[in-house]
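Each chain, written out:
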Amino acid sequence: MNEMKEKDIKNGEISATEKNEREISAAETEKCEFSPTDVEYIRECMALAAEAEAIDEVPVGAMVVRDGVVLARAFNTRESSKCATHHAEILAIEKACESLGGWRLPGVTLYVSMEPCAMCAGAIINARIPRVVYGARDYRFGAFGSLIDLSKIPFNHIPEVVGGVLAEECSAQLSSYFKKKRTKV
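The model shown is predicted, which means the values in this text are computed figures rather than measured ones.

Thresholds applied
Residues numbered from 1 in each chain as written. Predicted model: local features only at pLDDT ≥ 70, side-chain atom pairs only at ≥ 80, totals over all residues. Heavy atoms only, no water. Helix = DSSP H or I, 4+ residues; strand = E, 2+ residues; numbered from the N terminus. Buried < 20%, exposed > 50% of the residue type's maximum accessible area, 1.4 Å probe, protein only. Lys, Arg positive; Asp, Glu negative; His and termini not counted. Salt bridge = Lys/Arg side-chain N within 4 Å of Asp/Glu carboxyl O. Polar contact = N/O pair within 3.5 Å; in protein donor to acceptor, adjacent residues only side chain to side chain. Core = buried A, V, L, I, M, F, W, Y, C linked by side-chain atoms within 4.5 Å. Contact = heavy atoms within 4.5 Å. Pairing = 2+ DSSP bridges. Axes fitted to C-alpha atoms, helices over the stretch in contact; angles between N-to-C directions. Parallel < 35°, antiparallel > 145°, perpendicular 65-115°, else oblique. Nonpolar A, V, L, I, M, F, W, Y, C, P; charged D, E, K, R; others polar. Expected span 1.5 Å × (residues − 1). Arc of directions from axis to C-beta.

A. Structural view of unusual backbone geometry. With a phi close to 60 degrees, Asp 56 is a non-glycine residue in the positive phi region. Of note, Asp 56 is situated in the loop between helix H3 (36-54) and strand E1 (61-66). Given a relative accessible area of 34%, Asp 56 falls into the partly exposed group. Positive phi, normally seen in glycine, also occurs at Arg 128, with a value near 60 degrees. Assignment of secondary structure puts Arg 128 in the loop between helix H6 (118-126) and strand E4 (131-136). The exposure class assigned to Arg 128 is partly exposed, which follows from its relative accessible area of 25%.

Structure (structure tokens):
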């Protein structure tokens, strides 16, 4: 990787060409079909994200659902818990594992308001979650199509990934939070 590209990535900036390549990859993820039920669950994730925002956490919410039954709900608590791994997805996966009594989560769908990062995508793959549905893309850390795509690597388990459900609304929720944070400083 050249020095300029490394600097751009560290600063959270990407070139127009790289952004276009990422958008093409993300667009491939968004070709997957989603249902009215997916939209309903992403709206619930947005409500969870609002709970996170209310305690000054990055507004991301996640749910694990199987056969129409919600097994787990969670939102980011990284700041309040002082723990780097307390992303909404990780917390929801942990609760679902407790609910089902095992580390494998067959037949579930993980819903999350923002594209999972590499840590969360790794947990999704390790928990054998068959389907992931997310809202907003994350060009800085997204690991299912925006920055990298772990679903394209031939692990022993590859989840179906559906991205972009209520993407504009989810993105606006995140942007609003960060805009308020910047004006407070």
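B. Seen up close, the side chain of Glu 115. Summarising the element assignment, Glu 115 is placed in the loop between strand E3 (109-114) and H6. The charged side chain of Glu 115 is buried without a salt bridge, its nearest counter-charge being Arg 137 at 6.2 Å. At 3.1 Å, the side chain of Glu 115 forms a polar contact with the backbone nitrogen of Gly 145. A polar contact of 2.5 Å, which involves the side chain of Glu 115, links it to the side chain of Ser 146.

C. Focus on the nonpolar core. Counting 52 residues, the largest nonpolar core has Val 64, Ile 93, Leu 105, Leu 110, Ile 129 and Phe 144 as the members making the most contacts within it. In contact with Leu 105, other than residues within four places in its own chain, are Ile 93, Ala 96, Cys 97, Leu 100, Ala 127, Arg 128, Ile 129 and Pro 130.

D. Up close: the sheet that holds strand E2 (residues 69-75). Pairing in this open sheet of five strands is mixed, and the strands run E2-E1-E3-E4-E5 from one edge to the other. Single-partner strands in this sheet number two, and they are E2 and strand E5 (160-162). Geometrically, the sheet is characterised by an average inter-axis angle of 15 degrees between neighbouring strands, direction not taken into account. In terms of strand pairing, E4 meets E5 through three bridges, oriented parallel. If you follow Val 133 over to E5, its bridge partner there is Val 162.

E. Molecular detail of the packing of H3 against helix H7 (residues 167-184). One way to put it is that H3 packs onto H7 with a least axis distance of 10 Å and a crossing angle of 10 degrees. Here H3 is positioned roughly parallel relative to H7, judged by the angle of their axes. Where H3 abuts H7, its residues Ile 42, Arg 43, Met 46, Ala 49, Ala 50 and Glu 53 lie against Glu 169, Cys 170, Gln 173, Tyr 177 and Lys 180. Counted by class, the contact of H3 with H7 contains six nonpolar, one polar and four charged residues.

F. Summary view of H7. The terminal C-alpha atoms of H7, which comprises 18 residues, lie 26 Å apart, in line with the 26 Å expected from a rise of 1.5 Å per residue. Taken as a whole, H7 has its buried residues at Cys 170, Gln 173, Leu 174 and Tyr 177. Taken around the axis of H7, the buried residues stretch over an arc of 90 degrees, which confines them to a single face. Looking at H7, the residues exposed on the side facing more than 90 degrees away from the buried face are Glu 168, Lys 179, Arg 182 and Thr 183.

Any functional reading would require information beyond the geometric quantities listed.
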